[in-house]
Amino acid sequence: MGRVILLSLLLFTGCGQSDSGLAHLNEYLNRLSTVTGTPLESQPLPRFDLAPPAPEKAGPASNQQIDLIDFLSLTGCSLQVNLGRRNTQLGRTASPSQRLLLDLEFLDLAPACIDLLESRGDTALAATIRVASDDRKQSLPGAVFSAVLLGAEWRAFWHADPNLGDYPRQTSSLIEHSVTSLSTMTARWLDGDWSADNRAFELLLSELRAGDGGELLLATSQLVWALESANALLRKTQSERPFCPFGHPTERSKALRRVVQQFFVANVQPWVVSLRRRAELIHEPTERLETVLASSITQPYRHWMVARDALLSQLTQMTRQHVEAIQATLTSCQQG
């Protein structure tokens with residue numbers, strides 16, 4: 001029966017827990033230490049700082065500068081207002097997201113302005129606008145990447161509150177909608193539709209700040225650390241004081257089964273399942289967004305992606321390894 005219970009951990013569908021998952025995890029570790037008669041090895045919780053890389057210092061917004069005379073020559077072009085905003089003090093110090101919106105507006109307005117200038121016979125200025133437009137088209141993927149995946153809002157999304165409380169109970173699915181909407185919006189821009197709803201874009205970015213990506217990674221890292229500690233404890237106990245040295249169940253082995261059932265299966269595993277569900281809800285739209293921007297992702301960001309995904313994969317892997325460690329510990333108790 002013990003083996004059936006243990007194998008069921010991997011198929012457990014879970015239910016809501018009333019207390020903190022970390023509190024349940026800590027209680028399980030302490031109970032495991034008591035029932036094995038082996039103290040937990042003293043080791044600090046892992047330092048956690050898995051945030052996206054900070055953006056590099058921005059270079060010039062564009063190599064194509066339109067001087068004052070050209071600017072005044074744009075009378076009748078809506079593009080004149082765009083360039084006016086870009087050349088103000090506020091425009092020159094704008095955030096990456098605001099600069100991106102100015103670039104998108106430039107790209108959207110440039111064709112009509114070029115046509116107007118050519119109809120006036122001002123082919124030189126039309127050519128200058130065309131070169132500036134081409135320059136912005138070429139740099140657009142990088143501008144979107146800087147505004148979204150290197151932006152302050154995305155970094156805030158992956159920043160962890162050290163006090164997890166009863167995470168992930170107090171969360172919603174809004175973040176999935178926000179990240180998915182960003183994916184759709186950015187894909188459209190990169191496909192050549194440069195019209196932008198500035199307010200909607202900035203609102204989506206602001207919603208990222210309330211996201212819980214960092215809490216998910218922090219909770220996962222603490223779970224992995226705890227289960228690694230539990231596995232080490234079981235291995236040490238089995239090598240020094242086996243539970244069933246003569247191949248028959250003992251009081252210690254029965255106590256271990258009770259601890260596993262009451263404190264791991266009943267309490268820790270529901271929390272693991274809720275973390276796994278949260279990971280799926282967050283990771284799937286995140287992966288779609290990163291796929292849209294794949295051509296402009298920098299190597300530092302790609303390294304961060306690999307580290308993040310490797311950690312999240314351990315939600316299932318470490319749980320499975322712990323189940324296997326329990327089974328290995330009690331293998332000799334299945335005889336007789």
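Now for a description of the structure that goes with this document. Residue positions are given per chain, counting from 1 as you read along its sequence in written order. Where totals are concerned, whole chains, interfaces and linings use all residues; where local detail is concerned, this predicted model gives features only for residues with pLDDT of at least 70, and gives and counts side-chain atom pairs only at 80 or more. Neither water nor hydrogens contribute to the side-chain values; these are computed over all heavy atoms in the structure.

A look at the overall build of the chain
Okay, step 1: Helix and strand counts for the chain stand at 13 helices and zero strands.
Okay, step 2: Walking the chain from its N terminus toward its C terminus, one meets helices and strands in the order α-α-α-α-α-α-α-α-α-α-α-α-α.
Okay, step 3: In the chain, which comprises 336 residues, the share counted as buried stands at 45%.
Okay, step 4: A contact between two residues is defined here by any heavy atoms of the two lying within 4.5 Å. Here the analysis covers contacts within the chain between residues at least 6 apart in sequence; of these, 85% occur between residues at least 24 apart.
Okay, step 5: For the chain, the accessible area works out to roughly 16,900 Å², and carbon and sulfur atoms hold 54% of it. Helix and strand definitions here come from DSSP, where helices need a minimum of 4 consecutive H or I residues and strands a minimum of 2 consecutive E residues; each element is numbered from the N-terminal end. Buried means the residue's accessible area, taken with a 1.4 Å probe over protein chains only, is under 20% of the maximum for its type, while exposed means over 50%, and partly exposed covers the values in between. Per-residue and other accessible areas follow the Shrake-Rupley method at a 1.4 Å probe size, with only the shown protein chains counted as cover for residues.

Focus: the state of the cysteines
Okay, step 1: Criterion for a disulfide: a pair of cysteine sulfur atoms at a distance within 2.5 Å. Within this structure, the stated rule accounts for two disulfides.
Okay, step 2: The disulfide bridge from Cys77 ends at Cys113, spanning 2.2 Å between sulfur atoms. Between Cys77 and Cys113, the S-S torsion sits near 100 degrees, and that sign places the bridge as right-handed. With Cys77 in the loop between helix H3 (68-73) and helix H4 (79-86) and Cys113 in helix H6 (residues 96-120), the pair connects residues that are 36 residues apart, well separated along the chain.

Thoughts on the packing of helix H12 (residues 251-292) against helix H13 (residues 299-330)
Okay, step 1: Axis lines are fitted through C-alpha atoms, for helices just across the contact stretch, and the angle between N-to-C directions can take any value from 0 to 180 degrees. Closest axis-to-axis distance for the H12/H13 pair is 11 Å, and the angle between their directions is 160 degrees. With respect to H13, the element H12 is oriented roughly antiparallel. By crossing handedness, the relation of H12 to H13 is classed as left-handed. Orientation is classified from the angle alone, with under 35 degrees giving roughly parallel, over 145 giving roughly antiparallel, 65 to 115 giving roughly perpendicular, and any other angle giving oblique. It is the rotation of the near helix from the far one that decides the hand of a crossing: anticlockwise by less than a right angle makes it left-handed, clockwise makes it right-handed.

Some remarks on the packing of H6 against helix H10 (residues 198-208)
Okay, step 1: Interaxial distance between H6 and H10 falls to 11 Å at its minimum, and their mutual angle equals 155 degrees. Considered as vectors, H6 and H10 are oriented roughly antiparallel to each other. Both H6 and H10 take part in a crossing whose hand is right-handed. Contact residues: Ser97, Gln98, Leu100 and Leu101 in H6; Asn198, Phe201, Glu202 and Leu205 in H10.
Okay, step 2: When residue character is reported, Ala, Val, Leu, Ile, Met, Phe, Trp, Tyr, Cys and Pro are called nonpolar, Asp, Glu, Lys and Arg charged, and the others, Gly included, polar. Considered class by class, the residues forming the contact of H6 with H10 number four nonpolar, three polar and one charged.

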